[in-house]
Amino acid sequence: MDRAELAELLPAAVPGLLRLTRSLTRDPDAAEDLAQETVARALEKAGAFRGEAAVGTWLHRIAYNLMVDRARRDREDPHEDMVSVVEAQWQQDSYTVDAVEVVARAQTRAELEDALIRLPAPYRVMVVLHDAEGWTVAEVAELCELGLPAAKQRLRRGRMMLVTALARGAERAVARRGVPMRCWDARREVSDYLDGLLPAATARLVEAHLADCPTCPPLYASLVGATDALARTGLRDPDSVLTPAQVAQVRRVLGGAGVAPRATR
């Protein structure tokens, strides 16, 4: 299929793609970025699409591969360490959770998303597509290029990690008790806060969060220190910086040539 033919089919498939990326990333900006990169990659590889699957399924596969690659590259994924730790817990007869609290947290969208995002990407995909989107195990196995037994094992482990993450949410809630905003929501806004770009109401929420959160202030202080260091020292090559005498000479030359020099900082 050529790019023009594929481009005609993409608009109908994009809403489903966005729903997937939003489910997998939790961050709306990251979800849109992943969806855009997926569409761009699909158009680049239009010739590879043979119509053996629906366009939406093909886009999902591209998005899945991009997400896993990003997680590995950025080291954002807990990888197999988390898998082995959680499975070891579940193998112990003494391990249990508070079912009432876990179910209550699962029924709160923010808590459920917070738990899902803590799952390694391949397991998150399996749980979201099967349990949230209604895909069969075989369909997700095909998407992830897994055998059926491996896909079933991934679903089982993903569900166990989700329950454990929901149970641990209670510990995180105690640490955040009385703190405005969730940590990730505040951290997403910190860069704009540093630049003075936030609406006043949001800025106040960020400030209140930083005043009470036990973990975010060191991160914020580090951001401030790093940006201040860049502002003070810069990264310019000293040899390329004009001296005041050289600036005056340039001004004289430009003025003599009838060219108004630009204002300098």
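Residues numbered from 1 in each chain as written. Predicted model: local features only at pLDDT ≥ 70, side-chain atom pairs only at ≥ 80, totals over all residues. Heavy atoms only, no water.

To continue, consider the overall build of the chain. Within the chain, the regular secondary structure consists of 13 helices and 0 strands. Scanning the chain from its N terminus toward the C terminus, one meets helices and strands in the order α-α-α-α-α-α-α-α-α-α-α-α-α. Burial status across the chain gives 34% buried among its 265 residues. Of the contacts made within the chain by residues no fewer than 6 positions apart, 70% connect residues no fewer than 24 positions apart. Looking at the chain as shown, the accessible area adds up to about 16200 Å², and 54% of this sits on carbon and sulfur atoms. (Helix = DSSP H or I, 4+ residues; strand = E, 2+ residues; numbered from the N terminus. Buried < 20%, exposed > 50% of the residue type's maximum accessible area, 1.4 Å probe, protein only. Contact = heavy atoms within 4.5 Å. Areas by Shrake-Rupley, 256 points an atom, 1.4 Å probe, with all protein chains shown as cover.)

Considering all chains together, one arrives at 3 aromatic pairs under this definition. Measuring from ring centre to ring centre gives 6.0 Å for Y193 and Y220, while their planes differ by 55°; the resulting arrangement is tilted. Placement of Y193 in helix 10 (residues 183-194) and of Y220 in helix 12 (residues 216-233) is noted, with a sequence separation of 27 residues between them. Residue classification places Y220 among the partly exposed positions, given a relative accessible area of 23%. (Phe/Tyr/Trp six-rings, centres within 6.5 Å; stacked < 30°, edge-to-face > 60°.)

For the rest of this paragraph, the subject is the pattern of salt bridges. Summed over all chains, the structure comprises 10 salt bridges. Note that E133 and R19 form a salt bridge whose closest N and O atoms lie 3.2 Å from each other. Remark: R19 occurs in helix 1 (residues 3-25) and E133 occurs in the loop between helix 7 (121-132) and helix 8 (137-144); sequence separation between them is 114 residues. Judged by its relative accessible area of 47%, R19 falls in the partly exposed class. Among the ionic pairs, D114 bridges to R118, the shortest N-O distance being 3.2 Å. A residue is classified by how much of its surface remains accessible, and D114, at 5% relative accessible area, is buried. R118 gets classed as partly exposed once you look at its relative accessible area, which sits at 33%. (Salt bridge = Lys/Arg side-chain N within 4 Å of Asp/Glu carboxyl O.)

Bringing the nonpolar core into the picture now. With 50 residues, the main nonpolar core has L6, V55, L59, V125, L129, M161 and L162 as its most contacted residues. For this core, the secondary structure elements donating two or more residues are helix 1, helix 2 (28-44), helix 3 (55-74), helix 4 (79-91), helix 6 (109-116), helix 7, helix 8 and helix 9 (148-176). Counting residues per element, this core draws most heavily on helix 3, at 10 residues. In this view, V125 contacts L24, Y64, M67, L143 and C144; residues no more than four positions away in its chain are not counted. (Core = buried A, V, L, I, M, F, W, Y, C linked by side-chain atoms within 4.5 Å.)

With that settled, the discussion passes to the environment of A46. Examined against the element boundaries, A46 turns out to sit in the loop between helix 2 and helix 3. Apart from residues lying up to four places away in sequence, A46 is in contact with M1, D2, R3, L6 and W58.

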